Amino acid sequence: MKRLSKADQFLLESIQRGDERSWNEFVDRFQGRLLAFARQRLRDREAAEDVVQETFIACLRGLQQFRGDSGLETYLFVILRRKIIDHLRGRKLNLCLMQDTMGADDASYSATETLAVDPVTGASWYAKGEERREAQHGALTTAVTEAIEKYKDALDFRALMLTELLFYCGAPAPQIAAMMDEPEPTIRTFKRRWLQRIAARAQELAGEEFAQVDADTWRTDESVDSLLRDTWQTQRLSCPKRNTIGAYLLGSLDEPWAEYVKFHIEHLGCHFCRANLDDLKAAADEAEQQRLHERILNSTVGFLKQA
Ligand SMILES: [Zn+2]
């Protein structure tokens, strides 16, 4: 699946040719949100800046192998996340505020890091020789993306919120039931049917061979569950676009979109999107400061000449 826009493709090609201005533009565009993300996880500003710097270095070193099957931001966040985990000496990194509060009782939650980019040895989404896993992820990504798009088109945000709670966040059913004010069996049924539908669609997409090879994977809900969570987390399948978050910040996002984005950022507490929001806020503050600066200069220049 190609997700890179023409403009981004062009930018990357310039960077690969060693064009400094393009690299400058690239760093400028992403450093704020990466730093905001790192600062949520690492209290120390200096340490946060270090991991962001390391992320850009790793990104450059792995750029030749970047296949463009994710967006640039997702690519960078995957590297950054790995760098932070390294920094925290292998500790797992929760992606949602809700996961932060779920704590140790969620033993089933263990996102594997193996499918993520290894920027040093070559930025491939999947380890070499793991073609089967790649096929699984590819089919799952498409199946889930289709389901999410359907919800968004139909403005069925309640279903989308449920799937995010279940599969992105991995929250336990009782917690979701309380949060969404639904009986627990309803949540479990929703989850089971959703998994069945996604599994069927993924098999359809990946063909016979996939269905046979991975019969074991699909047999138990649990393994599909963790595969799904891996895919969701590394590809950020349901995260709203940056300009949607921008519109939310400005209060110009219509309902029910606004309510959904609020849920995703504040209740689910997606750390990636929170980082984007923080970065957009900082940029807005800077623009405000700049505007005030210019206003003061413009209004005082006459007096300055008279002084
Ligand atoms: Zn998000």
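Residues numbered from 1 in each chain as written. Predicted model: local features only at pLDDT ≥ 70, side-chain atom pairs only at ≥ 80, totals over all residues.

### Concerning the overall build of the chain
Now for step 1: Counting its regular elements, the chain contains 14 helices and zero strands.
Now for step 2: What you see in the chain, going N to C, is helices and strands ordered as α-α-α-α-α-α-α-α-α-α-α-α-α-α.
Now for step 3: Each of the 307 residues in the chain was classed as buried or not, and the buried ones make up 34%.
Now for step 4: Partitioning the contacts of the chain with sequence separation of at least 6, the portion at a separation of at least 24 is 70%. (Helix = DSSP H or I, 4+ residues; strand = E, 2+ residues; numbered from the N terminus. Buried ≥ 20, exposed ≤ 12 C-beta atoms within 10 Å, placed from the backbone. Contact = placed C-beta atoms within 7 Å.)

### Some words on helix α7 (residues 157-168)
Given 3.6 residues per helical turn, the α-helix brings residues three or four places apart onto the same face.
Now for step 1: A large share of α7 lies buried, amounting to nine of its twelve residues.
Now for step 2: Phi turns positive, to about 70°, at G170, one or two residues after α7.

### Description of the nonpolar core
Now for step 1: The biggest cluster of nonpolar side chains holds 61 residues, and the ones touching the most others in it are L34, F37, A38, L76, L80, L165 and C270.
Now for step 2: In terms of residue count, helix α4 (residues 72-87) provides more of this core than any other element does, eight residues in total.
Now for step 3: Looking at this core, you find at least three residues from each of domain 1 (1-93) and domain 2 (239-281).
Now for step 4: Ignoring sequence-local partners within four residues, the contact set of F37 consists of F77, L80, H271, F272 and A275. (Core = buried A, V, L, I, M, F, W, Y, C linked by C-beta atoms within 7 Å. Domains from an automatic or database assignment.)

### Regarding the packing of helix α2 (residues 20-41) against α4
Now for step 1: For the pair α2 and α4, the least separation of the axes is 11 Å and the interaxial angle reads 30°. Of the two possible hands of crossing, α2 and α4 adopt the one that is right-handed. Here α2 contributes F30, L34, F37, A38 and R41 to the contact with α4, which in turn contributes E73, L76, F77, L80 and I84. (Axes fitted to C-alpha atoms, helices over the stretch in contact; angles between N-to-C directions. Left-handed = near helix turned anticlockwise from the far one by under 90°.)

### Quick look at the confidence of the model for the chain
Now for step 1: For the chain, per-residue confidence averages 81 on the pLDDT scale, and residues scoring 70 or more make up 82% of the total.
Now for step 2: The weakest mean pLDDT in the chain belongs to helix α10 (residues 215-219) at 51; the strongest belongs to helix α13 (residues 257-267) at 95.
Now for step 3: The low-confidence segment residues 104-129, where pLDDT is below 50, has 43 contacts with residues more than four positions distant or belonging to other chains. (pLDDT = per-residue confidence, 0-100.)

### Considering the packing of α7 against α13
Now for step 1: As a packed pair, α7 and α13 sit with axes 10 Å apart at the nearest point and diverge in direction by 10°. The angle between α7 and α13 places the two elements in the roughly parallel class. Every residue of α13 that contacts α7 at F157, L160, M161 and E164 is listed here: E259, Y260, F263 and H264.
Now for step 2: A per-class count over the contact of α7 with α13 returns five nonpolar, one polar and two charged. (Parallel < 35°, antiparallel > 145°, perpendicular 65-115°, else oblique. Nonpolar A, V, L, I, M, F, W, Y, C, P; charged D, E, K, R; others polar.)

### Comments concerning the environment of G170
Now for step 1: Looking at the secondary structure, you find G170 in the loop between α7 and α8 (173-180).
Now for step 2: Between the alpha carbons of G170 and C96 there is a distance of 9.7 Å; along the sequence they are 74 residues apart.

### Re the environment of H137
Now for step 1: You can see H137 is positioned in helix α6 (residues 131-153).
Now for step 2: Along the backbone, H137 and W232 are 95 residues apart, and their C-alpha atoms lie at a distance of 9.5 Å.

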